[in-house]
Amino acid sequence: MRPPRPARSRGPRRLAALLLCAAATLFPTAVPAGAAAPPPVPGTLQGYDIGSVFSAGVSSGGYMATQLHVAYSGTFEGSAVFASGPYDCARGQLATALNACMDTVQNLQLTALEQATRDRSAQGQIDPVENLAGDPVYAFSGSADTTVKRPVVDALSDYYGRFGARVRYDRSTAAGHAWITPLGPNSCGTTQTPFLNKCGTDAEGALLGHLLGSVAAPGSGTGGSLIRFDQNAYAPGGSASAISMGAEGFAYVPRSCSDGARCRLLVALHGCKQGYTYQGFGTRFVEGAYLNEYADTNDMIVLYPQAAATGTLENPNGCWNWWGYLGDTAYARHGGKQIEAIMGMVRALRGTGTPPPSSDRTVLSSTDAEDGYVKAAADGSGAAVGTLEDLSGLALGRGTDGKVNRTVVSFDTSRIPAGMEIARAWLTVTRSSGSGDPWASPAGNRLLVDVRTGCFGGCAVEPADWSAPASVAGGARIDAFSSGSAVSTDLSAEAVAALNRGGTTQFRLGFASAPAGTAYLFVNRDTPVTLTVEYKVEGSPSPLPSATATAMASVRPCGR
């Protein structure tokens, strides 16, 4: 059984995603008016002097915020949620999530949820429920929210009250389904992307005032550093995409915290379709949530973990796991894959975990001039370099002109540290849109990854690259996916051996068979193709802990 947290003051201190954010269609091209944040800088999560830890979230992020608080109440001292229900409301069932935890056509059985929580506590599957007594909890429900209906949020308030939490419940606003923020570009009653609504109130001041006891007036939100870090290092198994999380997360660290002040930590969880990699959404939630502004003046670090869409119908809109997708039956308790990934980040920021050592990882950036795509007839004749790269980017499959596209991406793999033996490696690609299904034309078609030690010809893309021999043909495979990101199979042993430790390695992506008609996918402009390399010291019996190298290939949106 997990020990309770030390005694502390109790004073002030989709569905499957399609349904949680069902109204989203197109995203605005500009950052919400008034939002400000420093540009993200690559880095790692370092240890700071952190006292209290809190969670906050909206919709699926609200459910995850509650899961973190209840499962690890020895760490989290309170929580704030917009538009979500009680802990483990779905009980691992999609139908229950839909009908009881969003709609109200099914009774969510609050008494049974309370008892299940107490049982898990007694069994040591979550921290002792006694920790919840006196914890501050902020809940918000808008009267115009028809996605997660008000009785569901009422049940959240009731649930926490049964454990003695101090609940502040705001249900005075005619808000739609959204995170409420003075920086929201949407009107209050709207339910549409980017799910950041302005209601003439300062919900962040209210929720933080309840969680922290009192707050100073907000600042500019630009006085600290916005750190972009690798989430793979915290994901069980080393692959964030395998648990429907993005490769990159963010943390806003005010200057006072960097300088050694005693600080709080708030884990802020976006909702469905608000993740960094979801169709180019980027950092809109990070910039528009109106938390960095309070962080600057209240000695508070804000951690922004990122969920990501799956390439299947399990989680196509990048929701947090609150109903047990991808077979994770422990999603709401100790051992839940996303929960443990976030807890690893929290421990790293508190200096109580083992952050990934920088000496065990390398970040490689592709040479933009060496990335490109080549188009040709199905038999390879008439090959030419695609001319729309700067406008539309890189494409795979057969375009409307009848030509078949193959993409080449280059990495300087000489930067993998000398003396390191590669244990495994894989590619990750992100899709923004496309036409047809090239994996089904013909049936069973495969998207293969060829590896070339050095370059296929000259390192700049040229027509001959379409059919130039590879050092290893079909060194990996990328299975069908319709949105979000997909991870290739591990590079074969021969493909790993073909990585050029003395210079450039090029990868060529192309379908094994030419689609019979127009069928292609686009590689997203804003999300890099990544080459992840895990390695160990040569001759050692096992890989170094958290030894993950992520190589980024900057690619533009695909054209045909």
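Treat the numbers as computed from the prediction; the structure is a model and nothing was measured.

Colleague: Could you give an account of the sheet that holds strand β5 (residues 166–170), with specific residues and numbers?
Modeller: Judged by pairing direction, the sheet is mixed, and its nine strands sit side by side in the order β1-β9-β10-β12-β11-β2-β3-β4-β5 without closing on themselves. A strand with exactly one partner marks an edge of an open sheet, and here the two such strands are β1 (41–42) and β5. Sheet analysis places strand β3 (residues 76–82) next to strand β4 (residues 136–140), joined by four bridges and oriented parallel. Bridge assignment links A80 to a residue of β4, and that residue is Y138. Against the sheet, helix α4 (residues 150–161) makes contact with β3, β4 and β5, and its axis sits at roughly 165° relative to β5, the strand it touches most.

Colleague: Can you lay out the sheet that holds strand β8 (residues 196–198) for me, pointing to particular residues and giving the numbers?
Modeller: Taken together, three strands build an open sheet; the order of strands is β6-β8-β7 and the sheet is parallel. Among the strands making up the open sheet, the edge pair consists of β6 (179–180) and β7 (186–187). With two bridges joining them, β7 and β8 adopt parallel strand pairing. What sits directly across from N186, in β8, is N197.

Colleague: Describe the pairing of strand β16 (residues 395–398), with residues and values.
Modeller: Bridge count between β16 and strand β23 (residues 519–523): four bridges; the pairing is antiparallel. The partner of G397 across the bridge, within β23, is Y520. Two strands pair when backbone bridges link them, and β16 and strand β17 (residues 404–412) are joined in this way by two bridges, in the antiparallel orientation. Across the sheet, R398 pairs through a bridge with V404, a residue of β17. Between the antiparallel neighbours β16 and β17 lie five residues, among them G402 with a positive phi of about 85°.

Colleague: Summarise helix α5 (residues 203–212); cite the residues concerned and give the values.
Modeller: Within α5, ten of the ten residues are buried, which leaves it mostly tucked inside the rest of the structure. The set of residues buried in α5 consists of A203, E204, G205, A206, L207, L208, G209, H210, L211 and L212.

Colleague: Please set out the packing of aromatic side chains residue by residue, giving values where relevant.
Modeller: Enumeration over the complete set of coordinates arrives at 17 aromatic pairs. On the basis of an interplanar angle of 65° and a centroid distance of 5.0 Å, the ring pair of F250 and Y276 is categorised as edge-to-face. A residue pair is termed long-range when its members are at least 10 positions apart, and F250 in strand β10 (residues 248–253) and Y276 in the loop between β11 (263–269) and α7 (284–288) qualify at 26 residues. With a relative accessible area of 17%, Y276 lands in the buried category. The lysine or arginine in question, R347, covers the ring of Y72, its NZ or CZ lying 5.8 Å from the ring centre.

Rules behind the numbers
- Residues numbered from 1 in each chain as written.
- Predicted model: local features only at pLDDT ≥ 70, side-chain atom pairs only at ≥ 80, totals over all residues.
- Heavy atoms only, no water.
- Pairing = 2+ DSSP bridges.
- Helix = DSSP H or I, 4+ residues; strand = E, 2+ residues; numbered from the N terminus.
- Contact = heavy atoms within 4.5 Å.
- Axes fitted to C-alpha atoms, helices over the stretch in contact; angles between N-to-C directions.
- Buried < 20%, exposed > 50% of the residue type's maximum accessible area, 1.4 Å probe, protein only.
- Phe/Tyr/Trp six-rings, centres within 6.5 Å; stacked < 30°, edge-to-face > 60°.
- Lys NZ or Arg CZ within 6 Å of the ring centre and 35° of its normal.

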